[in-house]
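Chain by chain, the residues:
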Amino acid sequence: MTTLPGLVGFDEALETFDPVMGLEVHVELDTATKMFCGCPTGFGAEPNTQVCPVCLGLPGALPVVNGAAVQSAIRIGLALNCSIAPWCRFARKNYFYPDMPKNFQTSQYDEPIAYDGFTEVDVDGDVFRVEIERAHMEEDTGKSLHVGGATGRIHGAVHSLLDYNRAGVPLIEIVTKPIEGAGARAAQVARAYVAHLRELLLSLGVSDVRMEQGSMRCDVNLSLRPVGQQTFGTRTETKNVNSLRSVERAIRFEVSRQAGVLGAGAAIVQETRHFHEDTGETTAGRVKTDAEDYRYFPEPDLTPIEATADWVEELRATLPEAPRVRRARLQQAWGASDLEMRDIVGAGALILVEQTVAAGSSPQAARKWWLSELTRRANETGVDVSELAITPADVAGIQAMVDAGRINDKLARGVFDGVLAGEGTPQEVVAARGLEVVSDDAALGAAVDRAIAASPDVADKIRAGKVAAAGALIGAVMKEMRGQADAGRVRELILSRLT
Amino acid sequence: MSVSDDPALSRDDVAYLAGLARIDLTDAELDHLAPQLGVILDSVAVVGEVADADIPPMSHAVPTSNVFRADEVRPGLTHEEALSGAPQEEQQRFSVPRILTEEA
């Protein structure tokens, strides 16, 4: 399985083929209750403890729409510059699969609440406009646990176990129009779009957008066409690509795979594919032989949604500033250069830096920690920087200790290690690991005296006016103090003795 | 939709719908049921004779909209109650038969 024949290098593939992408993003809303019943929506509860006759599809149960979810849907539509349907209905999507106990999913079909929008995504400093086809309301499905297969997968399973806590959680599906013209930057554009959506949804306060917990999930449609051709090629749909990095990897892999198939003169099979986090590859799933017939029909148990102009304008007034406006405002407030802002946004750290500054850190320090230290660690472990187990308040707390002279930058790195390892707050880590700098002048002075005595030649140079030579003595003192000293203070002590 | 709009429902239409609904019908049953369903559709089609072209199809009996629920948690079922009707349960979950029949 790991040696797939006929893969073509990504860059090579793009010399011959032009990728066309379509992204479907599912977002769970963070309402207190489900879409059509009063069950709670919290993540991680015991199986089947957040269920009721409505979300279990028991006979006679009557669903009623969660008004807060409709408001969130309209606000998302507006934030994506969509038209809002003045009148629309829910529809039943009928299918036989045990993830929905009703044998249908309540969704929207040809009357989405929001349609025909666009959003502008920053890709390495360039603005890329992504057209939005629609954003519609639906409900999430239950969670399956497959038993008896070798790897917990559905293939080879003897039977499956269903937990319906998630069934009925409000979901918004955001579908792009075909994204063309990204060329060699296709994977970057897709990743930037999903990151941008995440930021937008966070700023709207409609979802916690935790990709690792599944509250935001992405399906990637991809096809290739020969460069210069207008008509689209046959596409594949890769399901459940659930991190920003995976979006990029899945696209790179599908481009390479499809280019290999097409290059060998074979045809792409229109099918659903699965992405594997461990290998970065996709494998074939269901073949879409017939167009699926879900027998959609208007949901008779739910009233239509009528979004009056007044209501829509009322909701429009609650929208936060657009991401680009916000970025410009923050850039000015922080005195950051274009390049610095691009780095912050590119790293997905805008909100993190903003919150760190709000927690009392200087913009420079906040940027430094998130972009160098923490981004590096995120890359090492293959997660998004926002997924690290450290909060902006922690980072601001660490910087406050640096500012107060309690720790230095080198010791701060040890504090990051501790916090990321789950050892507690920065204060607790400093105490437990004994990371505080020695501010006891007597102890420092003794170390300085020893360093001077050990290097009389260096001491003579300083006495003769070569202050730059102090570096060697500072280094010796810092080494003796095992880094737990303030280098500035050590320098002062050396110079006060020799000049 | 793959079922034709022609009110005269064909035998193939019924076979297709039965497949979607996971209902196993023998040839004899198809012969028997297809004309019956046709009669039912013809009867309902009478409504079309009184509804002019300017009357849009309706999906709801009462013309209302925006019946909403406040986003407030309401008590649901315990897991014992939820699973009480399940033919089989395991690990506090509903146990269902194998979903895919063939190895893929």
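A brief report on the enclosed structure follows. Everything numeric in this text was worked out from a predicted model, so none of it was measured.

## Some points on the overall build of chain B
Right, so step 1: The number of helices and strands found in chain B is four helices and three strands.
Right, so step 2: A burial count over chain B gives 16% of its 104 residues as buried.
Right, so step 3: Considering only contacts within chain B whose residues lie at least 6 apart along the sequence, 15% involve residues at least 24 apart.
Right, so step 4: By element, 58% of the accessible surface of chain B is carried by carbon and sulfur atoms, the whole surface being about 7900 Å².

## As for the pattern of salt bridges
Residue and element names in this part refer to chain A.
Right, so step 1: Using the criterion set out here, one finds 39 salt bridges over all chains in the structure.
Right, so step 2: Of the charged contacts, one joins Glu 28 and Arg 217 as a salt bridge, the two residues approaching to 3.9 Å between their closest N and O atoms. Residue Glu 28 is located in strand β1 (residues 17–28), and its partner Arg 217 is located in strand β12 (residues 216–226); the two are separated by 189 residues in the primary sequence.
Right, so step 3: Here Glu 237 and Lys 239 are joined by a salt bridge, their closest N and O atoms 3.3 Å apart.
Right, so step 4: The buried category is assigned to Glu 237, whose relative accessible area is 6%.
Right, so step 5: With relative accessibility at 26%, the residue Lys 239 sits in the partly exposed group.
Right, so step 6: Taken together, the shared-partner salt bridges in this structure form one network comprising Glu 373, Arg 376, Arg 377, Glu 380, Arg 413 and Asp 417.

## Side note on the interface of chain A and chain B
When the parts of a complex come together, some accessible area is lost, and that lost area is often used as the size of the interface.
Right, so step 1: In this complex, chain A contributes 53 residues to the contact, which on the side of chain B involves 38 residues.
Right, so step 2: Together chain A and chain B conceal approximately 3800 Å² of surface at their shared face, both sides included; 59% is due to carbon and sulfur atoms.
Right, so step 3: When the area that chain A buries against chain B is broken down by residue, the three leading residues are Phe 96, Leu 161 and Asp 293 of chain A, summing to 14%.
Right, so step 4: Inspection of the region where chain A meets chain B yields zero salt bridges.

So, how was this worked out
Residues numbered from 1 in each chain as written. Chains lettered and ligands numbered in written order. Predicted model: local features only at pLDDT ≥ 70, side-chain atom pairs only at ≥ 80, totals over all residues. Heavy atoms only, no water. Helix = DSSP H or I, 4+ residues; strand = E, 2+ residues; numbered from the N terminus. Buried < 20%, exposed > 50% of the residue type's maximum accessible area, 1.4 Å probe, protein only. Contact = heavy atoms within 4.5 Å. Areas by Shrake-Rupley, 256 points an atom, 1.4 Å probe, with all protein chains shown as cover. Salt bridge = Lys/Arg side-chain N within 4 Å of Asp/Glu carboxyl O. Buried area = accessible area lost by both parts, 1.4 Å probe.

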